[in-house]
Amino acid sequence: MNDHKKHKAPFIVLGIILLLCFVINISLGSVSIPFTDTMKIIFGTEATNNSWQYIIWNYRVPKAFAAILIGSGLSLSGLLMQTLFRNPLAGPFVLGISSGASLGAAILIMGSSLLGSLFSLSFINDISLAIASSIGSFLVLFAVVIVAARVKDTMALLIIGLMFGSITGALVSVLSYFTNAEKLQQYIYWSFGSVGNLTWNQLLMLLIIIFVGTLISILCIKPLNAFLLGENYARSLGVNLKNSRFFIIIATGLLAGGITAFAGPIAFIGLAVPHLTRQIFNTTDHRILLPAVLIYGAILMLLCDTIAQMPNSSSVLPINAITSIIGAPVVIWLLLRKRKMIF
Amino acid sequence: MTAIVGINGIGKSTLLRTLGKVQPPLSGEILVNKKPLEHYTPLALASEISVVLTEPIASKNLTVLELISLGRQPYTNWIGSLDEQDRHKIKAAISMVQLEALQHKKCYELSDGQLQKVMVARALAQDTSIILLDEPTSHLDLYHKVHILKLLKHIAHETKKTILYTTHEIEIAIQLCDKMLILEKDRSSFGEPCELIRQQSFERLFPSDTITFDPTSGSFKII
């Protein structure tokens, strides 16, 4: 199809940018390591400095991979939600999915003291955290889906998403009020969002979750395209609405919930990237958009993480602050150019 | 080609949408090729019935070509790539409705009338034996109304398709349709337009103190 040829060039360019961002991301950090040494360490040649090698392989490379996975996954979940709800402003953060995950995590981290010996502290490991926040995000997602079936108005849906966010926020506040300082701190650190501090094992789990989510999305490309016409037309094109909707929701929940579990709630990436991608590719075809969104999301997340690291300084900014500072103006800019906001 | 006519709120769209399985039936049974409608899988039905609805499409960011290509979905593979035959059908649909000049435009750049033509083309690309259209010509000017309806009639006769559409343009329908269905509160009449005129079915459609029907010219007169 000649359509694919037309989009080849931007894909190649994006791929090169991704590679560049990856290299930049791992060559910058709080400890200044010369670029040539970074390259040497990555390509396995003898390093001049053992601690540099340790930093790169055990800190920077996993962090860069985490940024790629998180950026891609969040962007894809944003794309899925925008198509599913046929709403250009849909995204995991806006519709309260991330808040749901936060509630799940909060209950696990802080609620254990309230619920007593049912959960012991040692029980809070990565898997239980991932499960808790995934359950939280799925619950909110299903609530939003049920509400979305009743209200046709896009604005109403967004407001309802915000309200779900408020409710979960309130519950989290109640939990924080009753919990001890140590657990509160643990939760707050989680809620800042972070792409660092993931072990290779955690990365592998994240990879599996995102892989499954992406695979389901790829299998849903055809119904996703049909959904662009609206549900009634999609049905008339032979789409099994119930199944397709179900699988798209599962994929979204896996991606948004899984990522939030490991990296905390990360704002705006899911909302902004699909729109930015549409600016480049100028198509609505999910066969193009899906891979493009994955690459673009990874690039943006790597950049945000590079900034958050504040190269050559010892402090690290919360990643959530950076994505918000970059993401929110993007959304405002898109809203002002109304035409382009049409998804 | 059959037109469904009747006053506002009598249930033209409801009937059409029920026939297209867009909404569940209130009562009764619908058979397509002697098989109950509910026994069809969505995919099997999609190669039997295509629809053009009055509701706006969700994404106006689609190009005309992309939108019409979506009509081939029931026939494409799991990821929806178009083969030679699909592209041929799409091209044919575009040229039938004379949309060549518009095919790379985005839907938000089109007028309502142009969009209606695109939706008709999409239904044609779906290549089904039954096409249901809900007020397909409401935004078109007289020339394009007649053009689309004549085209549909031609297609219906040429390819032995069943085309069923709802309309308020009764006079055009009388001139162009093979059959007409007049929906009324307590009775409905179905038949060839001339026959319906003879049965004085059109006279009953509107209150006779405002509008009367002239059987010789087949048109309505305002009193």
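This is a predicted model, so every value here is computed, not measured. (Residues numbered from 1 in each chain as written. Chains lettered and ligands numbered in written order. Predicted model: local features only at pLDDT ≥ 70, side-chain atom pairs only at ≥ 80, totals over all residues. Heavy atoms only, no water.)

Caption draft 1: Region of the structure containing the overall build of chain A. When you go through chain A residue by residue, the secondary structure sums to 16 helices and zero strands. A globule of 343 residues ought to have a C-alpha radius of gyration of about 20 Å, and chain A, at 20 Å, matches this closely. Each principal axis of the C-alpha atoms in chain A carries an extent, and together these give about 65 × 60 × 35 Å. Per-residue burial for chain A yields a buried fraction of 56% across its 343 residues. Accessible surface for chain A amounts to roughly 14,800 Å². Of this, 71% is attributable to carbon and sulfur atoms. Looking at chain A, you have 20 positive and 9 negative side-chain charges, and the mean spots of the two groups are 14 Å apart. (Helix = DSSP H or I, 4+ residues; strand = E, 2+ residues; numbered from the N terminus. Rg over C-alpha atoms; globule rule 2.2 N^0.38 Å. Buried < 20%, exposed > 50% of the residue type's maximum accessible area, 1.4 Å probe, protein only. Areas by Shrake-Rupley, 256 points an atom, 1.4 Å probe, with all protein chains shown as cover. Lys, Arg positive; Asp, Glu negative; His and termini not counted. Charge placed at Lys NZ, Arg CZ, Asp CG, Glu CD.)

Caption draft 2: Spatial organisation of the packing of helix α4 (residues 84–96) of chain B against helix α5 (residues 112–126) of chain B. Residues and elements named next belong to chain B. Direction vectors running N to C along α4 and α5 enclose 145 degrees, while the axes themselves pass 8 Å from each other. The handedness of the crossing between α4 and α5 is right-handed. Where α4 abuts α5, its residues Lys89, Ala93 and Met96 lie against Ala121, Leu124 and Ala125. Among the residues forming the contact of α4 with α5, the class breakdown is five nonpolar, no polar and one charged. (Axes fitted to C-alpha atoms, helices over the stretch in contact; angles between N-to-C directions. Left-handed = near helix turned anticlockwise from the far one by under 90°. Contact = heavy atoms within 4.5 Å. Nonpolar A, V, L, I, M, F, W, Y, C, P; charged D, E, K, R; others polar.)

Caption draft 3: Representation of the interface of chain B and chain A. Facing 37 residues of chain B, the contacting portion of chain A comprises 29 residues. Our count for the chain B to chain A interface comes out at zero salt bridges. Linking chain B with chain A are 13 residue pairs in polar contact (both at pLDDT 80 or more), by the criterion used here. If you list the elements that add at least two residues to the side of chain B that touches chain A, you get α2 (42–46), β4 (49–52), α3 (64–70) and α5 of chain B. Residue composition of the side of chain B that touches chain A, by class: 20 nonpolar, nine polar and eight charged. (Salt bridge = Lys/Arg side-chain N within 4 Å of Asp/Glu carboxyl O. Polar contact = N/O pair within 3.5 Å; in protein donor to acceptor, adjacent residues only side chain to side chain.)

Caption draft 4: Spatial organisation of the pairing of strand β7 (residues 179–183) of chain B. All names here are of chain B. In terms of burial, β7 is largely enclosed, as four of its five residues are buried. Summarising the sheet, strand β1 (residues 2–5) and β7 pair through four bridges and their orientation is parallel. Residue Ala3 lies in a different strand from β7, and its bridge partner there is Met180. Sheet analysis places β7 next to strand β8 (residues 188–191), joined by four bridges and oriented antiparallel. Paired with Leu181 across the two strands is Phe190, which belongs to β8. (Pairing = 2+ DSSP bridges.)

Caption draft 5: Spatial organisation of the sheet that holds β7 of chain B. Residue and element names in this part refer to chain B. Pairing in this open sheet of six strands is mixed, and the strands run β4-β5-β6-β1-β7-β8 from one edge to the other. The sheet terminates laterally at β4 and β8, the two strands that pair on one side only. Each strand axis lies, on average, 15 degrees off the axis of its neighbour in the sheet, ignoring direction. Across the sheet, α5 touches β4 and β5 (130–134), and the angle it forms with β4 is around 175 degrees.

Caption draft 6: Spatial organisation of the UniProt feature "domain: ABC transporter" (unreviewed entry) in chain B. Residues given the UniProt feature "domain: ABC transporter" (unreviewed entry) here are residues 1–210 of chain B. End-to-end, the C-alpha atoms of residues 1–210 of chain B are 30 Å apart, and along that stretch the chain is 38% helix and 15% strand. (UniProt positions renumbered as here; feature names shortened; annotations may be inferred.)

Caption draft 7: Region of interest: the packing of α5 of chain B against helix α6 (residues 142–159) of chain B. Residues and elements named next belong to chain B. Between α5 and α6, the least distance of the axes is 12 Å, while the angle of their chain directions is 5 degrees. The angle between α5 and α6 falls in the class roughly parallel. Here α5 contributes Lys117, Val120 and Leu124 to the contact with α6, which in turn contributes His144, Ile148, Leu151, Leu152 and Ile155. The class makeup of the residues in the contact of α5 with α6 is six nonpolar, one polar and one charged. (Parallel < 35°, antiparallel > 145°, perpendicular 65-115°, else oblique.)

Caption draft 8: Representation of the nonpolar core within the structure. Ranked by size, the top nonpolar core spans 159 residues in total, and within it Ile70 and Phe85 of chain A together with Met180 and Phe202 of chain B carry the most contacts. Summarising the domain contributions, this core has at least three residues from each of domain 1 (1–48 + 154–223) and domain 2 (53–127) of chain B. Apart from the residues lying within four places of it in its own chain, the contact partners of Met180 of chain B are Thr2, Ala3, Val5, Ile170, Ala173, Ile174, Ser189, Phe190, Gly191, Pro193, Leu196 and Phe202 of chain B. Ala105, Ala106, Leu129 and Tyr187 of chain A belong to the second largest nonpolar core, which has 12 residues in total. (Core = buried A, V, L, I, M, F, W, Y, C linked by side-chain atoms within 4.5 Å. Domains from an automatic or database assignment.)

Caption draft 9: Up close: the environment of Thr159 of chain B. Residue and element names in this part refer to chain B. Checked against the element boundaries, Thr159 lands in helix α6. A C-alpha to C-alpha distance of 21 Å links Thr159 and Glu84, two positions 75 residues apart in sequence. Among the polar contacts made by the side chain of Thr159, one reaches the main-chain carbonyl oxygen of Ile155 at a distance of 2.6 Å.

Caption draft 10: Fine view of the pattern of salt bridges. One pass over the full model with this rule turns up 11 salt bridges over all chains. Here Glu184 of chain B and Arg204 of chain B are joined by a salt bridge, their closest N and O atoms 3.3 Å apart. Taken together, the positions of Glu184 of chain B in the loop between β7 and β8 and Arg204 of chain B in the loop between α8 (193–198) and β9 (211–214) put the pair 20 residues apart, joining distant regions of the chain. Residues joined in a network through salt bridges with shared partners are Arg86, Glu231 and Arg245 of chain A.

Caption draft 11: Region of the structure containing helix α14 (residues 286–309) of chain A. All names here are of chain A. Across its 24 residues, α14 extends 33 Å between first and last C-alpha, which sits within 8% of the 34 Å expected from 1.5 Å per residue. Most of α14 sits inside the fold, with 21 of its 24 residues counted as buried. Structurally, the start of α14 carries an N-cap: the backbone nitrogen of Arg287 is 2.9 Å from a side-chain oxygen of Asp285. Met310 sits one or two positions beyond α14 and adopts a positive phi of about 45 degrees. (Expected span 1.5 Å × (residues − 1).)

Caption draft 12: Expanded view of the packing of aromatic side chains. Throughout the structure, instances matching the rule amount to 11 aromatic pairs over all chains. Ring geometry for Phe22 of chain A and Phe65 of chain A: centres 5.5 Å apart, planes at 50 degrees, overall tilted. Remark: Phe65 of chain A occurs in helix α4 (residues 50–84) and Phe22 of chain A occurs in helix α2 (residues 8–27); sequence separation between them is 43 residues. Through a chain of ring-to-ring contacts, three or more aromatic side chains come together here, namely Phe202, Phe206, Phe213 and Phe220 of chain B. Seen from the ring of Tyr40 of chain B, Lys35 of chain B lies directly overhead, with NZ or CZ sitting 4.5 Å from the centre. (Phe/Tyr/Trp six-rings, centres within 6.5 Å; stacked < 30°, edge-to-face > 60°. Lys NZ or Arg CZ within 6 Å of the ring centre and 35° of its normal.)

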